[in-house]
Every structure is written in C-alpha cells, then in structure tokens.
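Here is what each chain is made of, one letter per residue.
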Amino acid sequence: MLALLVLLPIAAFIAILLGAPARLTAIGASALNLALGLFAALSWHNAGLWSFSASVMEKPALNLAFSFTDGMSAIMVLLSVIVTLAAVLSGKAPEGKEKLYFGSSLLISAGAIGAFAATDLFFFYAFHELALIPTFLMIGMLGRGDRRAAAWKITIYLGLGSIVLLAGLVWLANLAGTYDIPTMVNAVKTGTLKIDPASQKSIAALLIVGFGTLVSLFPFHSWAAPAYASAPAPVAMLHAGVLKKFGLYGLLRLAIPLVPEGLQCWLTPLLVLLLGNILWVGWVTISQKRLDLMLGNSSVMHMGYIFLAIAALIAFPENPLARSAAIVLMFAHGISIALLFGLADRIERNTGTLDLQDLGGLAKSAPGLAFIFGIAAMASIGLPGLANFSGEVLVFLSAFKNYNGTHGLGPVQIACILSIWGVVISAVYMLRAYRNIFQGPSVKSTASSADLTFADRIPAVLLILALFAVGLYPNLLLNLLN
C-alpha cells in the first residue's frame, strides 16, 4: 500500500496526458493520497503494511524499496500529501496549459514522497531529481517576471549541488558495499562498517555542500528567492514547503548517523553559515519591496533555525530533542510557507500586483483574505499556539539541552543566542508587509478587489488546521518520532 502513495500521483499524471480532466484528476488523486498519508502516519510502525520492495538489480543489489523506517519519514510524507492537495486546489492554470500545470505538480509531489520514503540510496537520490525536472520546466514556461533567468539560475545551482551530493553518496555506497540505507546505518552502529576520520571529514563536506545547496544554506542560497517569485503557485508551495526539506532530511537520515565525526569537524563553519541564513538573509528580507521576494527570502532565512537544531545534534549526538526540533520545524515551516505563497498568488490575481507600495487597505474589500493571511503571518513569526512556535522553541531548548553552566557558553549556545534576533527580524518584515497590504486607505488596485471564494478557503483552512493542530498539541508529531 505504501507504493500507492508514490505511484498514485504518477498514474494521475499519465491519465492527464491521456486526456483525463487535468484539475479534477489532480484534485482527486491528491485527496486520495492525503487519506492514504494520514492512515500511513497513524500506522507507520506496521512494517508489513507500509513497506514495498522490488529487486531492480542483483549485483550490485539495487531495490526499489519504500518503507517508513521511523516516524521522520512518516511525518515528511504527511507534509507532502497535505501541501500537494492545497497546491492543486490553490493554483489556476493558464489557458491551454492545464496538462502541464497540474501534471507537473503531481510529478513534484511523487518525487518528494518517493525521496522521503525510499530506503535505497539510488532511488532516494533519483526521486528527488525526478521532482526537480518539472520544477525547472514550470518556472521557465509558466512562471512570471524574469522567469527564464530564474529557471536557469535554479537549474544551475541545484544541478551543481546535486552533482556534489552524488559524489558524497557514491563514496558512501562504495565504502558500505550496499545501497540500502538501513543496512548502512546499522553497520555503522554495530561497528561492522568503520569509516576512517579523514574519509568522514571529506564525505561530510560533500554532503553539507550538496544538501546545503538544495536547502539554500548561506551562501548557496541566491537561487531561492528569484525562483519562488517567478514560480507558479503550486511550484512555490511544493518546492519551498516540501521539496526543499529533502536536504535537511538527508542530513538527518544519512550524514549524522554515517559520518558523525566528520560533521563535528565542520560544526563551527556550519554555525557561521546558518547565522548567515538567519541574520544576513533576514536583513535582506526586510529590504524587499515585493511580497513574493520577501516570502522567498523569508523561507531561506528560516532554514537557519532548522540547521541550528541539526548543529545541536552534531555537537551533542545524545540529544534527541534536537532531532525532534528539526523535524517539527520542518513540518511547521512547510505548512506555513505553502499557505503564504498560496495567498500571495491570490493577492496578485485579485489586484494585479505584489509590489508593497502599490497595495493598501485590502482588508476593506477582502476581510477573509486579510484574516487568513494574518494567521499565516503570525505562524511565520512564531506566535504561540501555531506550529512554528512549537518548532522554534524546541530548537532553542535543544541548543541548551546539554549546557550545565560550569564551562561557559559553547559555540552552539552562542549561535542560538544570536539567532534569537531573527525572531525580531521576522516580526519586522512580516508585520510591515501586513500593514502595507491590508491596512490604511484603499488604493486603485485594492478598492474593488474580490475576497476569497468558498473554493479558495478550502486549501487555506486545510493548512491552517495543520498549523493549529501541531501548535496546540505538538505531541501529534512527537509521538510519531518517539
């Protein structure tokens, strides 16, 4: 049954190519996948039910294998199916481009789900690359603004990052003699596989740069904001909300269990880079004059907090709180940024602009949109009761989990204290954007703007329910991790 989560979007994509109604097929497949994903998240521990394996090659052994090896993969698949349904419900395809628009959205979803559920190293990498192809095409062909330049930039950056990552993965596979990820991890745990410190350091560098580029780790981040600003709504929602988490997931799934000593060698540089995400990109976000560019840079900025949790786990391997913090914030950010990009697309369709200086007073003509955008903005800032707050608090607590106060502050604690300023930066740019868009006197573009329709509210409510559910009761995710 687990294979259905991956194969159903692909089957729906093929049906769309053969003439099935694109939007209805995409919505139906995504809704069914959400139901399967919810059931899977509740029963992931039943390996006999939620696992699939088929031999592709005997020597070297290569298996198309999907399994929820732990709650982390179950949570990331759940994030994927939630955002996918919201994305296909939110977007409006250009006239005559419905097949490309909805079919590509389904392929991105299938690639993300396949990558998060794959237990074979080859297919772990291959499904992510599958998702990137429609991402590039959608930005270049159906995007807005300087879409071709943005498409080329994201293609070059992520292509080079994938090549660096592939080098590290091949090196690991050669040392382990297998592509099976659980086998590799168990071999390191039991001492059957021993990777020398020099190799660990080199592999860790490749994985940090490779995965980091895919996540928009500073300074490999400049592709993200232009790409999201140019992308159609479903692509921005799926990539920023889901697919970008692949790099973080990969560090947690592969790098930390397989090359822990090598990662510790790069801990201080990683702390410096993640502060670049939070502080440098945070100031860049404040300076943005367009909502889509502001949201794109905001997404890059918030990756720094998840890297902080990963850094705490690298520094203190026996710190389970750090792993939980990273995964909860990955889920929370994925939901909140998808909601914000979906609402930004609706604002542009209703007003014809996303320039902050050309907007104002939208709350008068679109109070429903103003209310829902306000919830999304508060989630991004980290308001208590919403999922991002739960994740960020866990991140800050995890940084001080092993601190006893007798030897002064360590580098992780210093980075944590500096990163708290990012909360202030987030409040500045998000509240200012809300004021510019929704408050004050109405302007020409907003005076007669339509409010959200009932159909528009469905995907927004779906994402808001997820934000409140995890924000009010984070054990929904933490119990899966435990």
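Quick look at the overall build of the protein chain now. Of the regular secondary structure elements, the protein chain holds 22 helices and two strands. The C-alpha radius of gyration of the protein chain comes to 21 Å, within 12% of the 23 Å expected for a compact globule of 482 residues. Once the C-alpha set of the protein chain is aligned to its principal axes, its extents read approximately 70 × 60 × 40 Å. Looking at the protein chain residue by residue over its 482 residues, the buried ones come to 60%. In the protein chain, of all internal contacts separated by at least 6 residues, the share reaching a separation of at least 24 is 81%. If the 26 positive side-chain charges of the protein chain are averaged to one point and the 19 negative ones to another, these points end up 5 Å apart.

Moving on to the side chain of serine 216. One can find serine 216 in the loop between helix 8 (197-215) and helix 9 (224-230). When its relative accessible area of 0% is taken as the criterion, serine 216 is described as buried.

Here the focus is the layout of surface pockets. Of the volumes computed, that of the largest pocket is approximately 750 Å³. Lining of the largest pocket is provided by 33 residues; of these, Val185, Lys189, Leu252, Ile256 and Pro257 occupy positions nearest its centre. No other element matches the six residues that helix 7 (residues 181-190) contributes to the lining of the largest pocket. Here the lining of the largest pocket is composed, by residue class, of 19 nonpolar, nine polar and five charged. In this structure, the second largest pocket spans a volume of roughly 370 Å³. Lining the second largest pocket we find 15 residues, and of these Leu38, Leu78, Ile82, Ala469 and Leu476 sit closest to its centre. Among the elements of the structure, helix 2 (22-42), helix 3 (71-90), helix 21 (454-472) and helix 22 (475-481) are those that each provide at least two residues to the lining of the second largest pocket. No other element matches the five residues that helix 21 contributes to the lining of the second largest pocket.

What counts as what
- Residues numbered from 1 in each chain as written.
- Predicted model: local features only at pLDDT ≥ 70, side-chain atom pairs only at ≥ 80, totals over all residues.
- Heavy atoms only, no water.
- Helix = DSSP H or I, 4+ residues; strand = E, 2+ residues; numbered from the N terminus.
- Rg over C-alpha atoms; globule rule 2.2 N^0.38 Å.
- Buried < 20%, exposed > 50% of the residue type's maximum accessible area, 1.4 Å probe, protein only.
- Contact = heavy atoms within 4.5 Å.
- Lys, Arg positive; Asp, Glu negative; His and termini not counted.
- Charge placed at Lys NZ, Arg CZ, Asp CG, Glu CD.
- 1 Å grid on protein atoms, 1.4 Å probe; cavity = no way out; pocket = protein on both sides within 12 Å on 5 of 7 lines; lining within 4 Å.
- Points joined across faces, edges and corners; volume = space filled by probe spheres on them.
- Nonpolar A, V, L, I, M, F, W, Y, C, P; charged D, E, K, R; others polar.

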